[in-house]
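Residue-level listing of the chains:
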Amino acid sequence: MDQRMAAELGVKLEGYSDATRLRHSRRRLLELQQQLGDLLSSLAQLDRVPLDGVPMAVEYPRPTTSRLPPVTG
Amino acid sequence: MDGRTLCSLPLHVVAELVRSKTVSPLELVEATLAEIERANPVLNCFISVFAEQAVARGRALTEELAAGSYRGPLHGIPVSLKDNIETAGVLTTGGSAVLAGSVPDRDAGSWANLARSGAVLVGKNNLWELAFGGPHPDYGPTWNPWDTSRTCGGTSSGSASAVAAGLSFASLGTDTGGSARVPASLCGIVALKPTFGLVPGSGVIPVSYSMDHVCPMSRNVRDASLVLSAMTSAPDQSAEGDLTRGLAGITVGVMKLSGEDVVSEDVLSAFRGAMEVLGSEGASLREIELPDLSTAGTAARVVMDAEASDFHRELLRTQPDAIGVVARNRLQAAEFIPATYYVRAQRVRRAMTDEVEKLLTTVDVIALPAVGVTAFQAASDGFGVKGGEGSPLKRIGRFSPLFNLTGHPAVVLPCGIGSDGMPVSLQLVGRFMEDQRLLAIARGYERATDWSSRVPVPAG
């Protein structure tokens, strides 16, 4: 991805080598752009969920150590 | 009994044949390998087949049995693994060119438990790349044994196809957003996504640290229960694993479908028929509203894609061209998910988990469709829709991801055949750590119908 294309997307790809950036054809850029567009546009759904007082962590029950009994039937 | 007939039997039936020494593990292994050799060229459901090792193991387990040692229902049973589940000294490709020569030095915890129980590994199943993308061209697509022009869905496509076609008595798949339940549904078999954390997740190439599940995939509920029992190391807190107990007294929360829940007439009809069966078997039905599935899908995608992109970060920078286009685009796009939305998605997850937990204090299980459509005809890449546009994932992925977010156990099982001749499935969701109780309820439905005994005409 060249710098102009990166600018169009409003992103940086720091950490990618120049060769890697250049291998991005325009088609690949468009595919990525579409993927990114779909993803970012769907994020607005999350804004509509009321989350007052909801923390981040999910607590799952912890398995203990013995084995599940076999079943019959 | 000829080999093909033997391979078409459910696991629990052949387990009894082995225990009674009517059939030896070696005979089972040889019959299974013959079926794989016959049908895999058409279905492409195996990436690797370990004939020599499987025969040696089958022989050893036959001798062990003759000497009076019986390990249990999986003694000498040929099984397969999705090829993102690590096996010591054996190729594990992840369905990706970047891992084409990868030979792990350890067994995944789930497989180690099965192996100790006497299961015989006959091969590793094809999958969508890294359990995240589409079929990689190096391995090609897997085809549905009910109609080899149709998709199996993904990502555990090879596992579902192999089990449905009688090339493996059970397989372990993985499920991060429906990857075991969707292909199982489209191929007419059973898949259980266990409670998060119940089955060891070690030794599985990760997609999402917080949503990956290792899943038994089998031809019926009883077989899934046997495999789950063999590979877990935790007690079932429900202590109600009796699969004969029936459905009387059970309350089923039936999902109220909304206009957004696009389901075909075939699926709707089969789902309604399944609810009638549950009612006629003594269960009480109560309509419930689930959290918004579209929002759940977005939250799951944010968490999954961000965590997958983090895990594959080095790969994405050093070998981007070796990753197939579907996986690569998802991984690259995920690098631009704002951190605030990852946090927000986790909070949505917490809210939805609490909501489902609350629902499950009023009902014993939740019932909803497994997939809204039957298996569609696939493009030649095995991923896209033949002659159509749009994401195939949007067609098949609606009803699964909520329970990857929440971690509740969810089982899919056949409940009908569509007008196109393809299987339709039902999904039941249970309480945390009550996986065997959930299976007992699913078995109650299964015993009242004959859908799980329907099998595809053999391919090849």
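The structure under discussion appears in the preceding block.
Parameters and conventions
Residues numbered from 1 in each chain as written. Chains lettered and ligands numbered in written order. Predicted model: local features only at pLDDT ≥ 70, side-chain atom pairs only at ≥ 80, totals over all residues. Helix = DSSP H or I, 4+ residues; strand = E, 2+ residues; numbered from the N terminus. Buried ≥ 20, exposed ≤ 12 C-beta atoms within 10 Å, placed from the backbone. Pairing = 2+ DSSP bridges. Axes fitted to C-alpha atoms, helices over the stretch in contact; angles between N-to-C directions. Parallel < 35°, antiparallel > 145°, perpendicular 65-115°, else oblique. Left-handed = near helix turned anticlockwise from the far one by under 90°. Contact = placed C-beta atoms within 7 Å. Nonpolar A, V, L, I, M, F, W, Y, C, P; charged D, E, K, R; others polar. Expected span 1.5 Å × (residues − 1). Arc of directions from axis to C-beta.

(A) Structural detail: the overall build of chain A. Each helix and strand in chain A was counted, giving four helices and zero strands. The buried share among the 73 residues of chain A stands at 12%.

(B) Representation of the sheet that holds strand β3 (residues 120-125) of chain B in the model. Residue and element names in this part refer to chain B. Read across the open sheet, the 11 strands follow the order β1-β3-β2-β4-β6-β5-β10-β11-β9-β7-β8; overall the sheet is mixed. The outermost strands of the open sheet, each flanked by one partner alone, are β1 (46-49) and β8 (284-288). For this sheet the average axis-to-axis angle between neighbouring strands, irrespective of direction, equals 30°. Examined bridge by bridge, strand β5 (residues 190-193) and strand β6 (residues 213-218) share two bridges and lie antiparallel to one another. Along β6, the bridge assignment pairs Val 190 with Ser 218.

(C) Fine view of the packing of helix α3 (residues 25-43) of chain B against helix α4 (residues 51-66) of chain B. All names here are of chain B. As a packed pair, α3 and α4 sit with axes 7 Å apart at the nearest point and diverge in direction by 160°. Classified by the angle their axes make, α3 and α4 are roughly antiparallel. Where α3 crosses over α4, the two elements pack in a sense that is right-handed. The residues of α4 that touch α3, namely those facing Pro 25, Leu 26, Leu 28, Val 29, Glu 30 and Leu 33, are Ala 51, Ala 54, Val 55, Gly 58, Arg 59, Leu 61, Thr 62 and Leu 65. Here the residues of the contact of α3 with α4 sort into 10 nonpolar, two polar and two charged.

(D) Broad picture of the environment of B:Thr232. Tracing the chain through its elements places B:Thr232 in the loop between α8 (221-231) and β7 (251-255). Classification of B:Thr232 as buried rests on a count of 25 C-beta atoms within 10 Å.

(E) View of unusual backbone geometry. Residues and elements named next belong to chain B. For the bond running from Gly 154 to Thr 155, omega is 15°, close enough to zero to count as cis. Within the secondary structure layout, Thr 155 lies in the loop between β3 and α6 (157-165). Positive phi values are uncommon outside glycine, yet Leu 130 reaches one of about 55°. Here Leu 130 shows up in the loop between β3 and α6. At Ala 131, a position not held by glycine, the phi torsion is positive, near 55°. For Ala 131, the location among the structural elements is in the loop between β3 and α6.

(F) Structural context of α4(B). Residues and elements named next belong to chain B. Between its first and last C-alpha, α4 extends 22 Å over 16 residues, near the 22 Å set by a 1.5 Å rise per residue. Residues Ala 54, Arg 57, Gly 58, Leu 61, Thr 62 and Leu 65 constitute the buried set of α4. For α4, the angular spread of buried residues about the axis comes to 140°, placing them on one side. Facing away from the buried side of α4 by over 90 degrees, the exposed positions are Glu 52 and Ala 66.

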